[in-house]
Amino acid sequence: MKIEKILNNNAFISHDEHGKEVIVMGVGLAFGKKNGEQIELTGRYKIFSNDSMINERLKAIVSEIPEEYMKITERIVYILEKQFDKTVDDVIYISLTEHIHGAVERLKKDIQVTNPMLMDIKRLFKDEFETGLIALDDIERQFGMKFDENEAAYIAQHLINAQLDNMADITNISKLMKEIIDIIKYFFRMDFNEDSIYYHRFITHLKFFAQRVISGQSYQDENEDLFEIFKTKYIKSYECVVRIAHHIQANYNYRLNTDEQLYFMIHIEKITNKSYKN
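Remember, predicted model here, so these are calculated numbers, not experimental data. (Residues numbered from 1 in each chain as written. Predicted model: local features only at pLDDT ≥ 70, side-chain atom pairs only at ≥ 80, totals over all residues. Heavy atoms only, no water.)

Asks: Sorry, what's going on with the environment of I184 here?
Replies: Looking at where I184 falls in the secondary structure, it is placed in helix α7 (residues 170-188). On the accessibility criterion, I184 (0% relative accessible area) is buried. Put simply, I184 and I244 are 60 residues apart on the chain and 8.1 Å apart in space, counted from C-alpha to C-alpha. (Helix = DSSP H or I, 4+ residues; strand = E, 2+ residues; numbered from the N terminus. Buried < 20%, exposed > 50% of the residue type's maximum accessible area, 1.4 Å probe, protein only.)

Asks: Quick question: what am I supposed to make of the packing of aromatic side chains here?
Replies: Each aromatic ring pair is summarised here by two numbers: the centre-to-centre distance and the angle between the ring planes. Under the definition given, this model contains nine aromatic pairs. When the centroid spacing of 4.9 Å and the interplanar angle of 70° are considered together, the rings of F187 and F188 count as edge-to-face. You'll find F187 and F188 in the same group, each marked buried. Here the aromatic rings of F209 and Y254 are separated by 6.1 Å at their centres, their planes lie at 85°, and the arrangement is edge-to-face. (Phe/Tyr/Trp six-rings, centres within 6.5 Å; stacked < 30°, edge-to-face > 60°.)

Asks: Quick question: what am I supposed to make of the pattern of salt bridges here?
Replies: In this structure the tally under the stated criterion is 19 salt bridges. K59 is paired through a salt bridge with E56; the nearest N and O atoms lie 3.2 Å apart. Within this pair, K59 and its partner E56 are both found in helix α1 (residues 52-64), separated by three residues, close to a single helical turn. (Salt bridge = Lys/Arg side-chain N within 4 Å of Asp/Glu carboxyl O.)

Asks: Please explain the nonpolar core as it appears in this structure.
Replies: Taken as a class, soluble globular proteins show a tendency for nonpolar side chains to be buried jointly. Residues I180, I184 and F264 are the most contacted members of the largest nonpolar core, which totals 80 residues. By residue number, the principal contributor to this core is α7, which donates 10 residues. Counting residues in each nonpolar core, the second largest holds eight residues, with I3, V24, I39 and L41 among its members. (Core = buried A, V, L, I, M, F, W, Y, C linked by side-chain atoms within 4.5 Å.)

Asks: Can you help me understand the layout of surface pockets in this one?
Replies: By volume, the largest pocket amounts to about 160 Å³. Every residue lining the largest pocket is counted, 14 residues in all, and those nearest its centre are L124, K126, D127, H200 and I203. Looking at the lining of the largest pocket, the elements that each hand over two or more residues are α4 (118-124), α5 (126-143) and α8 (197-215). Within the lining of the largest pocket, the residues separate by chemical class into four nonpolar, two polar and eight charged. (1 Å grid on protein atoms, 1.4 Å probe; cavity = no way out; pocket = protein on both sides within 12 Å on 5 of 7 lines; lining within 4 Å. Points joined across faces, edges and corners; volume = space filled by probe spheres on them. Nonpolar A, V, L, I, M, F, W, Y, C, P; charged D, E, K, R; others polar.)

Written as structure tokens, this is what we have:
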């Protein structure tokens, strides 16, 4: 790939096979290179080519924010995707780099901001919060500045947003998730093992379901026959799903279709039988 213009040691402008301008990013990719040089892409790298607006914002960030911040973003996105098997939108490289830079600048002025979502983020988005804590270690090593866990929750919010719609309302999504979990706990009179794989899978399902509810999105039913079978097989779980459906209809004006009820039944059956605490 030909380097058209070096942006910094870790990024350069090139063109793809269709002649479209792209930004290529990876740790040390452009180090010691020159404009016009042909290079072979090796190791970890990312090519930004699908959104011209993202590319223009990336150019601005690369020219305005020290490259160490982008390196931190690149590393924690890699950890989230590889270690926790999550997929994020390319906008994360912009939003999170800007956020981390702004947070460091505020801390230089001894300003730390309390995150009102801290407890919900820790409870409902454990993977993202853990990645946020890793980011804080990176920031401390790079800049010698130590943040508390409120900042880890803010970083986690950016990671969550980049998995959902960019306009997603994380506050309302978390609120709805907590309401549904509380309904299940109250109905079955039990607490769940939040380290269980079944609970983890349920939270992942719940996160994207809550996003659909908040954004008013829905899809067509496809498993009517299977729903009827599980409805009679998992009677208590179905009764709990009915309560959830009534709550969501009354408070969010959203009607659960049969597929959504089916998936709720399956998850509830698993977490109440395989991932609970007495």
